[in-house]
Amino acid sequence: MQLSLSQQASTAERRNEMSMAGLFAVTGGGSGIGRGVCRRLAEEGARVAVLDANGSTAEEVAKEVGGEAHVLDVSDPAAVGEVFGVLGPLQGLVTCAGISDVTPIVAMAAQTWRQVVGVQLDGTFFCLQAAARNMVGHGTGGTIVNTASINATFGHRGLSAYSAAKAGIAMLTRVAALEFAQAGIRVNAVAPGIVETGMTAEVVQDPDFVRTWSAGIPLGRIGQPDDVADVVAFLCAPQSRWVTGQVLAVDGGGSLRAEPKMFSDEAWSLMALQAQL
């Protein structure tokens, strides 16, 4: 079937929309999934601003991808405003900065809760807001990809702050997609399963843990940063131009099943909880 001239023009126009040649900011870009995202976006021709609390790793990745590095604590709204204020017009933002903590609710200190939620949820909001203001101010449109988690849907004992924050990121993504659509800004999120990064280094170095966890994943293995980075790149690219407000599970099919336990049931008995007080 031959396309009409108007259809051909429309197709050409769509292909030119949101090319990957613009500036993309990546929080947590100095390591793990963020580092993989920086590399992948650079491969697609993007200019990358590597934002990370660790200045040395940010510089290392920026040098590798030919980008720019900025030290940033995403939980500090003033610092976020300052860094985004010196960035040029943004085409995209990918929020990968995050920390975790494994503590029973009865034993969790208020400071720990605030720290995890502050980096994960507050940090995502501050950076999303700053990027949206940049895009709206320049009238350019763009794309934002957040990092949620399958823990936003599947509860794990010990991960209360992390899971609550990730669930918040998933809903923030949906609301932002609605608010920004008419400004030409798409907002999506990836929801990774367990991925081999510095955050999971302690458990993925345990062969028994890896064996048990992999057995619960239909595709049979723990993820790598590139597995997530490839999906992020798709959500940043023109090929996903009609996708917004979505949270895509990137987990090898793990969320199709009940996840394996991280701890034995005995670890959550009344006696065990009393020992935490």
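If you're wondering where the values come from, they're calculated on a predicted model, not measured in any experiment. Within any chain, residue numbers begin from 1 and follow the written order of that chain's sequence. Whole-chain, interface and lining totals are the exception, using all residues; otherwise, since this is a predicted model, local features are given only for residues with pLDDT of at least 70 and side-chain atom pairs are given and counted only at 80 or more. Only hydrogens and water are set aside; all other atoms, that is, all heavy atoms of the structure, feed into the side-chain values.

## Observations concerning the overall build of the chain
Secondary structure elements are taken from DSSP: a helix is a run of H or I of four residues or more, a strand is a run of E of two residues or more, and numbering for both begins at the N terminus. When helices and strands are counted, the chain shows 10 helices and seven strands. Each radius of gyration is computed over the set of C-alpha atoms, and the globule rule expresses the reference value as 2.2 Å times the number of residues to the power 0.38. For the chain, whose C-alpha radius of gyration is 20 Å, the value lies close to the compact-globule estimate of 19 Å for 277 residues. When its C-alpha atoms are laid out on the principal axes, the chain stretches across 70 × 50 × 35 Å. The 277 residues of the chain split such that 45% are buried. Two residues form a contact once any of their heavy atoms are found within 4.5 Å. Long-range pairs, those at least 24 residues apart, make up 71% of the contacts in the chain with a sequence separation of at least 6. A total of about 13800 Å² of accessible surface is found on the chain, and carbon and sulfur atoms cover 54% of it. Positive charges come from Lys and Arg alone, negative charges from Asp and Glu alone, with His and the N- and C-terminal ends not counted. A single reference atom marks each charge: NZ on Lys, CZ on Arg, CG on Asp, CD on Glu. Computed over 18 positive and 26 negative side-chain charges, the separation of the two mean positions in the chain equals 6 Å. Think of it in three bands: with a 1.4 Å probe and only protein chains considered, a residue is buried below 20% of the maximum accessible area for its type, exposed above 50%, and partly exposed in between. Method for areas: the Shrake-Rupley scheme with a 1.4 Å probe, in which residue coverage is limited to the protein chains shown.

## Quick notes on the nonpolar core
Buried Ala, Val, Leu, Ile, Met, Phe, Trp, Tyr and Cys residues that are joined via side-chain atoms within 4.5 Å together make up what is termed a nonpolar core. In terms of nonpolar packing, the biggest core is built from 29 residues, with Ala25, Leu72, Phe84, Leu90, Ile144 and Val187 touching the most fellow members. Listed by contribution, the elements that provide at least two residues to this core are β1 (23–27), β2 (47–52), α4 (77–86), β4 (90–95), α5 (110–138), α6 (160–180) and β6 (185–192). If we skip the residues at most four places from it in the chain, Ala25 touches Ala49, Leu51, Phe84, Leu87, Leu90, Gly92, Leu93 and Val94. Val26, Val48, Ala62 and Ala233 belong to the second largest nonpolar core, which has 27 residues in total.

## Topic: the packing of helix α2 (residues 32–43) against helix α9 (residues 225–236)
Packing of α2 against α9 leaves a shortest axis separation of 8 Å and a crossing angle of 50 degrees. With respect to their mutual orientation, α2 and α9 come out oblique. Along this stretch, α2 crosses α9, giving a crossing that reads as right-handed. Within the contact between the two elements, α2 uses Gly32, Ile33, Gly36, Val37, Arg40 and Leu41 and α9 uses Pro225, Asp226, Val228, Ala229, Asp230, Val232, Ala233 and Cys236. A fitted line through C-alpha atoms serves as each axis, taken over the contacting stretch for helices, and the angle formed by two N-to-C directions is quoted from 0 to 180°. Each angle gets one of four labels, with under 35 degrees taken as roughly parallel, over 145 as roughly antiparallel, 65 to 115 as roughly perpendicular, and the rest as oblique. The sense of a crossing depends on the near helix, which, turned anticlockwise from the far helix by less than a right angle, makes the crossing left-handed and, turned clockwise, makes it right-handed.

## Considerations on the side chain of Lys166
Mapped onto the elements of the fold, Lys166 is located in helix α6. Throughout this description, the term salt bridge denotes a Lys or Arg side-chain nitrogen within 4 Å of a carboxyl oxygen of Asp or Glu. The side chain of Lys166 is buried and forms no salt bridge, while Asp122, the nearest opposite charge, is found at 13 Å. Definition of a polar contact: a pair of N or O atoms within 3.5 Å, with one able to donate and the other able to accept a hydrogen when the atoms are protein atoms, and with sequence-neighbouring residues admitted only if both atoms are side-chain atoms. Side-chain polar atoms of Lys166 contact the side chain of Gln120, separated by 3.0 Å. In contact with Lys166, other than residues within four places in its own chain, are Gln120, Thr147, Ala148, Ser149 and Ala152.

## Quick word on the pattern of salt bridges
This model, assessed by the stated rule, comprises nine salt bridges. A salt bridge links Arg40 to Glu43, with the nearest nitrogen and oxygen atoms 3.7 Å apart. With Arg40 and Glu43 both in helix α2, this residue pair falls three residues apart, about one helical turn. A residue is classified by how much of its surface remains accessible, and Arg40, at 21% relative accessible area, is partly exposed. Residue Glu43 is classed as exposed on the basis of its relative accessible area, which comes to 59%. A salt bridge links Asp227 to Arg221; the shortest N-O distance between them is 2.8 Å.

## Some thoughts on the sheet that holds β4
Paired strands, in this sense, are two strands between which DSSP finds at least two bridges. Spatially, seven strands are ordered β3-β2-β1-β4-β5-β6-β7 in an open sheet, and the strand pairing comes out parallel. Each having just a single partner strand, β3 (68–71) and β7 (247–250) make up the two edges of the open sheet. Across the sheet, the mean angle separating the axes of adjacent strands is 20 degrees when strand polarity is ignored. Pairing between β1 and β4: five bridges, direction parallel. When the bridges of β4 are listed, Phe24 appears paired with Gly92. Contacts from α4 reach β1, β2, β3 and β4 within the one sheet, and its direction differs from that of β3 by about 160 degrees. Running over the sheet, α5 touches β1, β4, β5 (142–147) and β6 and is turned about 175 degrees from β4.

## Describing the pairing of β3
Judged from the four bridges that link them, β2 and β3 form a sheet pairing that is parallel. Counterpart to Val50 in the pairing with β3 is Ala69. A right-handed crossover is one whose linking path, passing over the helix from the first strand to the second, runs clockwise when the strands point away from the viewer. In this fold, β2 hands off to helix α3 (residues 55–65), which returns the chain to β3; that crossover is right-handed.

## Comments concerning the pairing of β4
With six of its six residues buried, β4 lies for the most part within the structure. Across four bridges, the pairing between β4 and β5 is parallel. Along β5, the bridge assignment pairs Thr95 with Asn146.

## What about the packing of aromatic side chains?
For this analysis, a ring pair means two rings from Phe, Tyr or Trp (six-membered ring only for Trp) whose centres lie within 6.5 Å, classed as stacked if their planes differ by under 30 degrees, edge-to-face if by over 60, and tilted for the remaining angles. Enumeration according to the criterion identifies two aromatic pairs in this entry. With 5.9 Å between their ring centres and 65 degrees between their planes, Phe125 and Phe126 make a pair best called edge-to-face. Among the residues examined, Phe125 registers a relative accessible area of 35% and is labelled partly exposed. Taken together, a centroid distance of 5.1 Å and an interplanar angle of 20 degrees make the contact between Phe209 and Trp213 stacked. Here the residue Phe209 and the residue Trp213 both occupy positions in helix α8 (residues 207–215), the gap between them amounting to four residues, near one helical turn. Owing to a relative accessible area of 6%, Trp213 belongs among the buried residues under this scheme.

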